[in-house]
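# Structural characterization, general
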Amino acid sequence: MSPAEENAIKTSARNGWLLSLPALVMLAFAATGPLLIVVWYSFLTANDTGNVIHQFSTEGWVGILFTYDIFEDGWVLADAHLTIFWRSVWLSLVTTALTFAIGFPTAWFIATRPAKERALWLFLITIPFWTNLLIRTFAINEVIRNEGLLNTLLIWAGVIEVPLQINYTETAVLIGMTYVYLPLMVLPLYATIERFDMRLLEASYDLYASRWRTLRRVILPIVKPGIIAGSILVFVPSLGAYVTPRILGGGKNMMIGNFIELQFLQGKNWPLGAALSVTLLIIVTAALLVYVKVANRDRGAGHG
Amino acid sequence: MAERGFQISRLPGFATVAIGAFVLLYLPILTLVVYSFNASNSVAVWGGFSLHWYADAWANEDVKAATVRSLVIGVSAAFLSTILATLAALGTTRRRAFKGQTLIYVVINQPLMVPEIVTAVALMIFFGIIKVATGYQGLGYLIAAHTAFCLPFAYLPIRARLESMDLALETAAADLYASPWQTFRRVTLPLLAPGIMAGAMLAFVISLDDVVITEFVKSGGQDTLPTYMLGQLRRSFTPEVNAISTMLLAVTVVLLTAFFLLTRKKD
Amino acid sequence: MSDTVTISARNVVKAFGQGAGQVRALDDVSVNIRQGEFFTLLGPSGCGKTTLLRLIAGFEMPTGGTILLDGADITTQPPNKRPVNTVFQSYALFPHLTVAQNIAFGLEMLGKPASEVKARTAAMLALVKLEAMAGRKTSQLSGGQQQRVALARALAPQPKVLLLDEPLSALDLKLRKEMQIELKRLQLETGITFIFVTHDQEEALTMSDRIAVMSAGKIQQVGSAKEIYIHPKNRFVASFIGETNFLHGKAEAGALRLGTGERVEVPGLAAGGEATVSVRPEQVRLVLPSDGLKATVGALVYFGTDTHCHLHLADGTEVVARLQSPATGEAGLAQGQAVGLRFAEGAVQRVED
């Protein structure tokens, strides 16, 4: 390589870094950097009046699963914590399944519209996607609360006499999360189905497959990358959800996000809150890494 | 026109579920909008059309202050994040892959991957330390936080625009005696403008929508519209919140429509 | 046209990638391009012709060698400092500017006074006959019109050399023929040196003063259309430009001894070793079996104006003869018929392998 060529390459790389630097500094200051402080805080000692005492301790981490029993004078498994973890994972999984059950037909429907109509249907999906999560949670609240649309209609129709208590139950959180995260499932599914070669269906039917077998043997395997992308996009924010369970779940049906907040506000156990945050971050990162791996493998196999 | 016979791409029940999904997506939002125009104090009873709750919200000093704060933070964060994102997009596209480029992508997109509650807690601790150390309690923390998490949203459309831009155009400018700065000013920037506008709008919408991070970072008396609404919910639920929601919704829809018109591909 | 050299490439090397995956797009290329000539770089895709053009324009830096413009070394000069302009394959018209603004762009960047910019732009619009389109956006133009704008834009600053990177490849056949004539006219009117890149041999033959045939990063032969067609230097040039038959055998004094034992006269051939000759199909004559190389008629392919007759020598070598089709369309030959072959005088050309 000639010196001029080498110089041009070096200058290009240097300019790339220089141009990105202001953004990187901003993110290091107000996004990535502070995460490291959380890791540090998870190894400090709790101060009962809030904040931390700068003294090394692993109690924050132990406290994730165990709680100190003053009567038995020892650590016992914290049932309440396990319930919250289980609820978070369970609700997130069910939310993912429900959004898929509704989102797949929806994405298929949009992708099979005439090209001109498609942009409009897609736009209709993206409006809720970009609408304030808080507003959407309020909106679903308007429907399911005791004096809300659903109960008013059911009572008016004479189906029930006493309003159904949906709000402040796990079901409410589930309905709410399915509602707010549905667009996150539809969009990646649509992106994959849109590239799906419809002639494959002709081939499948030509080779005597029924609709059901075509769906199972042809469509689903090919759109798998979209299914995985959508599932991750729904599962990850569900697991870290804060606003929806807070508004619809009431105090009883906490998820990890609310549990973390509790440690910093009322609970006054910052190290535990920090350790829980790091745990959540690790789970989410693991999920994303699995996604990247699967996505790359599928790309390698010729899709996407 | 009635379609007859075997439809290749039709799957039984799918259209029904899809239409149902659209109804379910919009029904709650419509309910909220309709209730915001309800004259009745009880949300269960329709008391006729009224702008009563909008008037109430408008007269409420807290709402006014929160609106101004939301706008100040939103405009500042959109402005800053768009500038930073434009520079970063210029740095990371259309040049020979360089060492550390992937790292830059990961850092820029990091706010999209980390759960909001985790970032919120991290910023509360970190900015708390700075607040104590410097004594400064102003809006700067919120603007910094918003700028950071808006960055990937501003970055993506700008980068997409840059990548779809014909490299030959800048080569042609250089061929026609334009210096690198003139090329940027006269060719790159005008062509990139729609992407930059789109990025700024998305950043603004994202900033305006944020509740979790703001809730944890704000100092006393620094409510934005969303955190104000969340606070109201803790007390009693009034249709005033619906009125504010409807107004925010209108802003979002207007900006999104503009975004789609800006980024729409020309046939 | 004069003998003054405008562009001179000396031992130019351009490598892409590194280590084992390295590809030499240009491998020690030297060529002199004369002032005012229509010079064509011709070759299949990937032969390095576009790379050479981009090096002359300054869009890329050579790995080795130098490029001179009027005797001055411009190898590392950035493109905006070179008095050389390019017509891009994709035209690369600025979509945010009008036709007139596109044409004025280079002049403005050179800091020409407004009055001159205006006058030159108007003159260029007239030159390419697009006066009526001055205020249009380029996206509103047809392919042919866009092509003219690209030409006018590149010619407006009066460059010493105009580089054209397959500028006609996006046009349909009829428009392409028109533009070939148009280009030739512009070149004669402006007197500017044109360096034209194409993979279309017919385009190269009809338009160029001189042609450089390129393959695998090297220049195989430089010459006028006639020189290259009649005296191809090697197998590649002979087969890339037009169609040809190759005959291979032992070199004897003034003749080639084929595998069949028959002799083909090759004036000037020295004895010793093996040699290959090229004979164009239109120079093959059919005679009585006793009067030439013995051959059998194989497939007959009717092309309208002429008929291609595939013939087989005794050792299996295939020779194609292009015969003018008679009025009836029937060549009067039958498959398996024994005939004799003769080659027109001067048609047998020795080529390197």
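Thresholds applied
- Residues numbered from 1 in each chain as written.
- Chains lettered and ligands numbered in written order.
- Predicted model: local features only at pLDDT ≥ 70, side-chain atom pairs only at ≥ 80, totals over all residues.
- Heavy atoms only, no water.
- Helix = DSSP H or I, 4+ residues; strand = E, 2+ residues; numbered from the N terminus.
- Rg over C-alpha atoms; globule rule 2.2 N^0.38 Å.
- Buried < 20%, exposed > 50% of the residue type's maximum accessible area, 1.4 Å probe, protein only.
- Contact = heavy atoms within 4.5 Å.
- Buried area = accessible area lost by both parts, 1.4 Å probe.
- Salt bridge = Lys/Arg side-chain N within 4 Å of Asp/Glu carboxyl O.
- Polar contact = N/O pair within 3.5 Å; in protein donor to acceptor, adjacent residues only side chain to side chain.
- Core = buried A, V, L, I, M, F, W, Y, C linked by side-chain atoms within 4.5 Å.
- Arc of directions from axis to C-beta.
- Domains from an automatic or database assignment.
- Pairing = 2+ DSSP bridges.
- Axes fitted to C-alpha atoms, helices over the stretch in contact; angles between N-to-C directions.
- Expected span 1.5 Å × (residues − 1).
- Bend = angle between axes of the 7 residues up to and from the residue.
- Nonpolar A, V, L, I, M, F, W, Y, C, P; charged D, E, K, R; others polar.

### Here's the deal with the overall build of chain A
Counting its regular elements, chain A contains 13 helices and four strands. Taking 19 Å as the expected radius of gyration for a compact globule of 304 residues, we find that chain A reaches 25 Å, considerably beyond that expectation. Reported as C-alpha extents along the three principal axes, the dimensions of chain A are approximately 85 × 75 × 35 Å. For chain A, the proportion of its 304 residues judged to be buried stands at 50%. Sequence separation of at least 24 residues holds for 63% of the intrachain contacts in chain A that already meet a minimum separation of 6.

### Some words on the interface of chain A and chain B
Across the boundary between the two partners, chain A contributes 80 residues, which contact 87 residues of chain B. Buried surface at the junction of chain A and chain B, both sides included, amounts to about 7,400 Å², of which 80% is carbon and sulfur. Our count for the chain A to chain B interface comes out at zero salt bridges. Summed over the shared surface of chain A and chain B, the result is seven residue pairs in polar contact (both at pLDDT 80 or more).

### Notes on the nonpolar core
Within the largest apolar cluster, 200 residues are counted, with the highest numbers of intra-cluster contacts made by F104, W108 and I219 of chain A, F127 of chain B together with F94, F105 and I195 of chain C. Per-element accounting of this core gives the leading share, 14 residues, to helix 7 (residues 170-194) of chain A.

### Overview of the side chain of N234 of chain C
Residue and element names in this part refer to chain C. With respect to the secondary-structure elements, N234 resides in the loop between helix 7 (225-230) and helix 8 (235-240). For N234, the side chain forms a polar contact with the main-chain nitrogen of V237, separated by 2.9 Å. Residues contacting N234, with those up to four places away along its chain left out, are Q220, V351, E352 and D353.

### Details of helix 2 (residues 52-59) of chain B
Residues and elements named next belong to chain B. Regarding helix 2, the residues found buried are W53, Y54 and A57. Taken around the axis of helix 2, the buried residues stretch over an arc of 100°, which confines them to a single face. Exposed positions of helix 2 whose direction lies more than 90 degrees from the buried face are W58 and A59. Contacts made by the buried residues of helix 2 are with helix 1 (14-36), helix 3 (61-92) and helix 11 (239-263).

### Quick notes on the domain arrangement of chain A
Domain boundaries assigned for chain A yield domain 1 (1-30) and domain 2 (80-301). Here domain 1 of chain A and domain 2 of chain A have C-alpha centroids that lie 39 Å from each other.

### As for the sheet that holds strand 18 (residues 318-324) of chain C
Residue and element names in this part refer to chain C. The strand order across the open sheet formed by five strands is 15-19-16-17-18, and the pairing between neighbours is antiparallel. The sheet is open, and its two borders are formed by strand 15 (284-287) and strand 18, each paired with just one other strand. Going from strand to strand, the sheet's axes swing by 45° on average, the running direction of each strand aside. Relative to strand 19 (residues 338-343), strand 15 runs antiparallel, the two being bridged by four bridges. Residue pairing in the sheet places R285 in a bridge with R342 of strand 19.

### What to know about the environment of S139 of chain C
All names here are of chain C. Relative to the helices and strands, S139 resides in the loop between helix 3 (114-127) and helix 4 (143-155). Given a relative accessible area of 61%, S139 falls into the exposed group. Spatially, the C-alpha atoms of S139 and A238 are 42 Å apart, while their sequence positions differ by 99 residues.

### As for helix 7 of chain A
An α-helical segment advances 3.6 residues per turn. Residues three or four places apart therefore align on the same side. All names here are of chain A. Between its terminal C-alpha atoms helix 7 stretches 35 Å, which fits the 36 Å expected from 25 residues at 1.5 Å a residue. The largest bend in helix 7 amounts to roughly 45° and is located at Y181, with the proline P183 lying one to four residues further along. Buried residues dominate helix 7, accounting for 19 of its 25 residues.

### Overview of the interface of chain B and chain C
Contacts between chain B and chain C engage 18 residues on the former and 23 residues on the latter. Roughly 1,900 Å² is buried in total at the junction of chain B and chain C, and carbon and sulfur atoms are behind 66% of that figure. When the buried area of chain B at its contact with chain C is split by residue, D175, L176 and Y177 of chain B rank highest and sum to 42% of it. Counting across the interface, chain B meets chain C through one salt bridge. Across the pair R186 of chain B and E108 of chain C runs a salt bridge, and its minimum N-O distance is 2.7 Å. Grouping the amino acids of the side of chain B that touches chain C by side-chain chemistry returns 12 nonpolar, three polar and three charged.

### What about the sheet that holds strand 5 (residues 72-73) of chain C?
Taken in spatial order, the four strands line up as 2-1-4-5 (chain C) in an open sheet, and their pairing is antiparallel. The sheet is open, and its two edges are formed by strand 2 (23-34) and strand 5 of chain C, each paired on a single side.

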